[in-house]
Amino acid sequence: MKDLIQRRDFMTGTVAGAALAATAASIPAVNAAQTPDDRKLNVLFIMTDQQRYDCLGANGNPIIQTPNLDRLAAQSANFSNFFVQSPVCVPSRASFFTGRYAHAHRNRVNYTPLNESEVLMPARLQSSGYRTALIGKTHLYYQFPPTPEEAKRTGYDVVELHDGSKISDPWSDYVKWRQSHDPQKDIYYRKTVRGGTGGNPYRAVIDEHYSDITWTGERTCHWLRQLAEADQPFFLFSSFFKPHSPFEVSEPFDAMYSDVDIPLPRQESLEDIQRLPLPLQKLILRGGKPPYNMERERLEWCYRSYYGAISHIDREVGHILDTLAKSGAAENTIVVFTSDHGDQLLEHGFMGKNAFFEASIHVPFMIRLPGRVKTGRYDELTESVDLLPTLFDLLDLPEPYHCHGKSLAPLITDCGTAYEPRNAVFSENIIPEVITSGKLDFQFEKGKGVKGIRHPDAKMVRTRRWKYNYYPEGFEELYDLRSDPLEQQNLASRPEFQSVVREMKGRILDWLITTTETEQIAPRWMIP
C-alpha cells in the first residue's frame, strides 16, 4: 500500500493566475545576513474539518494509518483533553480565530457573516508585520458571497480558496483549477462510483491527483516554499475540507481499510433517541430518512472511507512537513494541527455533529516549536479559545484585550510563568441546527424558535468527571464520564445527583456572566 500512495508532484499551475504570480514576486528576498535566531517565528496552522480526537494513531487508534501526524505528535505538545467551543464549523472556527466564546463573537450558525467588529488572528498578525496566506477552507467572512476577496478582508495577503460545498463552489479556486487541469473536469468532484462495481461504494470517480485533499496539500507546499524564502515572517493556514462528509474517497485510499473490521457504535433504536432531550430529538430525527437504523455494512464503509480520507490527508501533511524542513524554516516555525469539531459517525443515532457528545466536541490538538515547546502528552483541560493567546505568547505579541482564552505557553515552555489549569471547559450551540438547504426547513423565527423549540440556544460544561448540558425550557443532561464514558445514562433527573446538577448549572451561569466583562466594564473613566 505504501508504494500505491506515493505522491506525484504534478500541480505546476496556479489557480489565481497572474495575480498570485505578482503576489509571489512581491515577497522580499531572504536576507542572508539574518540567522534563524534573529528572525521572528512563523506559524503553520493545519486544520482538518470534522475529525474526531480518536482518529489518529498517536491518540490511541490501533487501526488508522497516520504515520506523518503521529510523527508530528511525537515532536509536539500533544493534548488529550482539547475541546471546541461549538460543535459546528463556522462558530467553532470563529472561536479559534478570535479567542472568544460564541456567545461573545455572536456567530452561532453556519453561513452567517462575522460581526464587522471581530478581528481575526491573521489580521492581527498582518498588522504586526506578518505575511498571511490561506489555502483551502475558511468559512469565515464579513459578508456574502464567500469570495477570495472577502476572505482577504479577514486578514490574508494570499488566498487560494475552497470551502468545499456546492453553495460556495462558484468562488472556489480549486474548482477553477480543476477546470484548467483535470481531464474529467465535467464530473463533479464529490461523485462516487455506483452500481455493481464491488468494493467501496464511496470510491470517488475523479483521479486522486485532482482531489481537493491533494490540491490543498500541494498548494500549501507551493506557498510554504514561497513564504519561507522571504525575510518577512509568515502565517500560513492550511485548511482541509475532509474528512467532512460526504464520504467520497479517492483511490487507493478507498481500499486502504477494505479488509479491516472497524468497531462500530451500538445500534440505537427510535426509543433510545426519544429518551434524549427534545432539542436533540429534533436534530437527530430531521429529514426524510434519519440514519439511526442505517445498515451496518453501509456504516462500515462510511468508517472505512472516513479513515481513508484521514490517511490521504496524513500523506499531504507529510509532504507539507517535509517541505517545511527542506525550506530551512522548520526550527523557526510553530506548527499547529487540530480540527474544528468531530463527527458522531452514528454514535447516539446520527451522523455529523451539532451536539455535545464527546465525538463532536473532542478533537486532536498539537503544537510544535523545536527547542521551546516541551514534547509529550498533556492531559490538562483545554479549549479552542486557548490557541490564539498561546500563539501570541510564543510570538511575543500582546494578547487582544477581549480574548477569553488562556495561554498554554506557561504549561508547554520554560517561560518562568506558572500555569493555572482549567477545572472545566465549555461549549455552546443552537440545537436543533438552523438549516434551510436541501430538503430541510429548520428556520429560526422570532417568538417561535426552531421547529417548536422556542429557545434553541444550548450550553455545556464539562469537568474531568461530569458533563452537564443545559437546554432552555426544562431539558438537561448529566453524564458521569468516569463510569459512563459513552454517555448513555442521563442522570439529570435522579434525586441523588441534584447537587451535581446545581453545581454545574451554576458554573454555566458564572461563565456566561464573567466572560464578557471586558466588553461591559469600561477599562478607564471618560474623564481623565
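The rules behind these values
Counting of residues starts from 1 at the beginning of each chain's written sequence and follows it residue by residue. Owing to the predicted nature of the model, reporting of local features is limited to residues with pLDDT of at least 70; listing and counting of side-chain atom pairs is limited to 80 or more, with chain, interface and lining totals taken over all residues. The side-chain quantities take in all heavy atoms of the structure and omit both hydrogens and water. Note on terminology: a nonpolar core comprises buried Ala, Val, Leu, Ile, Met, Phe, Trp, Tyr and Cys residues joined through side-chain atoms within 4.5 Å. For the exposure calls, accessible area comes from a 1.4 Å probe over protein chains only, and a residue counts as buried if that area is under 20% of its type's maximum, exposed if over 50%, partly exposed in between. Going along the chain from the N terminus, every DSSP run of H or I of four or more residues is numbered as a helix, and every run of E of two or more is numbered as a strand. Any two residues whose heavy atoms approach within 4.5 Å at even a single point are treated as in contact. To obtain the arc, one takes the directions from the helix axis to the C-beta atoms. Note on ring pairs: Phe, Tyr and Trp rings are taken, using the six-membered ring of Trp, and paired if centres are within 6.5 Å. Classes follow the plane angle, with under 30 degrees stacked, over 60 edge-to-face and the rest tilted. The criterion for a charge sitting over a ring is simple: Lys NZ or Arg CZ within 6 Å of the ring centre, and within 35 degrees of the ring normal. Strands are labelled as partners when DSSP assigns at least two bridges between them. Only the contacting stretch of a helix is used when fitting its axis, a line to C-alpha atoms as for every element, and angles between N-to-C directions run 0 to 180 degrees. Throughout this description, a polar contact denotes any pair of N or O atoms lying within 3.5 Å of each other; where both atoms belong to protein, one of them has to be capable of donating a hydrogen while the other can accept it, and for residues adjacent in sequence the pair is counted only when both atoms sit in side chains. For classification purposes, angles smaller than 35 degrees are called roughly parallel, those larger than 145 roughly antiparallel, those between 65 and 115 roughly perpendicular, and all remaining angles oblique. Gly falls in the polar group here, along with every residue not listed as nonpolar (Ala, Val, Leu, Ile, Met, Phe, Trp, Tyr, Cys, Pro) or charged (Asp, Glu, Lys, Arg). Whenever Lys or Arg places a side-chain nitrogen within 4 Å of a carboxyl oxygen from Asp or Glu, that contact is recorded as a salt bridge.

Enquirer: Quick rundown of the nonpolar core? Include the residues and the values.
Expert: Ranked by size, the top nonpolar core spans 68 residues in total, and within it F45, F79, F97 and I334 carry the most contacts. Looking at this core, the element that brings in the most residues is helix α13 (residues 387-394), giving five residues. Excluding anything up to four places from it in sequence, F79 contacts Y53, F365, I367, Y378, T382, L408, L411 and I412. Formed by 29 residues, the second largest nonpolar core is a distinct cluster that contains L44, A73, C221 and L224.

Enquirer: Could you give me a rundown of the environment of Y401, with the residues and numbers involved?
Expert: Inspection of the secondary structure assignment puts Y401 in the loop between α13 and α14 (409-412). Distance from Y401 to P523, taken between C-alpha atoms, is 9.9 Å for residues 122 residues apart in sequence.

Enquirer: Summarise the pairing of strand β11 (residues 425-430); cite the residues concerned and give the values.
Expert: Among the six residues that make up β11, six are buried, leaving the element largely enclosed by the rest of the structure. With burial as the criterion, each face of β11 is covered, one bearing V425, S427 and N429 and the other bearing F426, E428 and I430.

Enquirer: Which residues make up helix α2 (residues 67-74), and what values go with them?
Expert: Turning to α2, its buried residues are N68, L69, L72 and A73. Along the axis of α2, the buried positions cluster into a sector of 145 degrees, meaning they face one direction only. With respect to the buried face of α2, the exposed residues turned more than 90 degrees away are P67 and A74. Where α2 is buried, its residues contact β2 (77-79), α11 (296-327), β7 (333-339) and β8 (365-368).

Enquirer: Please set out the packing of aromatic side chains residue by residue, giving values where relevant.
Expert: Considering all chains together, one arrives at 19 aromatic pairs under this definition. For the ring pair F144 and W171, a centre distance of 5.6 Å and an interplane angle of 80 degrees mean the geometry is edge-to-face. In this pair, F144 is assigned in the loop between β4 (131-136) and α6 (148-153) and W171 in the loop between β5 (158-161) and α7 (173-181), connecting sequence segments 27 residues apart. For F144, a relative accessible area of 60% puts it in the exposed group. For W171, a relative accessible area of 22% translates into the label partly exposed. Ring geometry for W177 against Y210: centres 5.9 Å apart, planes inclined by 35 degrees, an arrangement best described as tilted. One end of the pair, W177, is in helix α7; the other, Y210, is in the loop between α7 and α8 (212-228), with 33 residues separating them in the sequence. Among the residues examined, W177 registers a relative accessible area of 1% and is labelled buried. Since its relative accessible area comes to 17%, Y210 is described here as buried. Site record: aromatic cluster; members linked through ring pairs are F45, F79, F82, F96, F97, F237, F365 and Y378. A cation over a ring is seen here: K166 above Y188, with NZ or CZ 4.6 Å from the ring centre.

Enquirer: Talk me through the sheet that holds β8; I want residue IDs and the actual numbers.
Expert: Reading across from one edge, β5-β4-β6-β1-β7-β8-β2-β9 is the order of the eight strands in this open sheet, with mixed pairing throughout. Among the strands making up the open sheet, the edge pair consists of β5 and β9 (376-378). Strand-to-strand twist across the sheet, computed as the mean angle between neighbouring axes with direction ignored, equals 15 degrees. Looking at chain direction, β4 and β5 are connected through four bridges and run parallel.

Enquirer: Please set out the sheet that holds strand β14 (residues 475-480) residue by residue, giving values where relevant.
Expert: In sheet architecture, strand pairing relies on hydrogen bonds along the backbone and comes in two forms, parallel and antiparallel. With antiparallel pairing, four strands are arranged side by side in an open sheet as β11-β12-β13-β14. The two strands at the open ends of the sheet, each matched to only one other strand, are β11 and β14. Between one strand axis and the next, the sheet turns through 10 degrees on average, direction left out of account.

Enquirer: Explain the side chain of N354 residue by residue, including any values.
Expert: Inspection of the secondary structure puts N354 in the loop between β7 and α12 (358-361). At 3.2 Å, the side chain of N354 and the side chain of E433 are in polar contact. Leave out the neighbours within four places in its chain, and N354 touches P87, V88, L283, S360, N429, I431 and E433.

Enquirer: Kindly report on the packing of α8 against α11, identifying the contributing residues and their values.
Expert: Closest axis-to-axis distance for the α8/α11 pair is 9 Å, and the angle between their directions is 10 degrees. Comparing the axis directions of α8 and α11 gives the class roughly parallel. Side by side, α8 and α11 meet where I213, T214, G217, E218, T220, C221, L224, R225 and A228 of the first sit next to A309, H312, I313, R315, E316, H319, I320, T323, L324 and S327 of the second. A breakdown of the residues in the contact of α8 with α11 according to their chemical character gives eight nonpolar, seven polar and four charged.

Enquirer: Please set out the pattern of salt bridges residue by residue, giving values where relevant.
Expert: Pairs can form between side chains of opposite charge once their charged atoms are near each other. Within the structure shown, the criterion is met by 42 salt bridges. Residue R203 is joined to E251 by a salt bridge in which the shortest nitrogen-to-oxygen separation is 3.7 Å. Separated by 48 residues along the polypeptide, R203 in the loop between α7 and α8 and E251 in the loop between β6 (234-243) and α9 (270-274) bring together distant segments of the chain. D457 is the salt-bridge partner of K459, the closest N and O atoms lying 3.2 Å from each other. Accessibility expressed as a relative area gives 7% for K459, which makes it buried.

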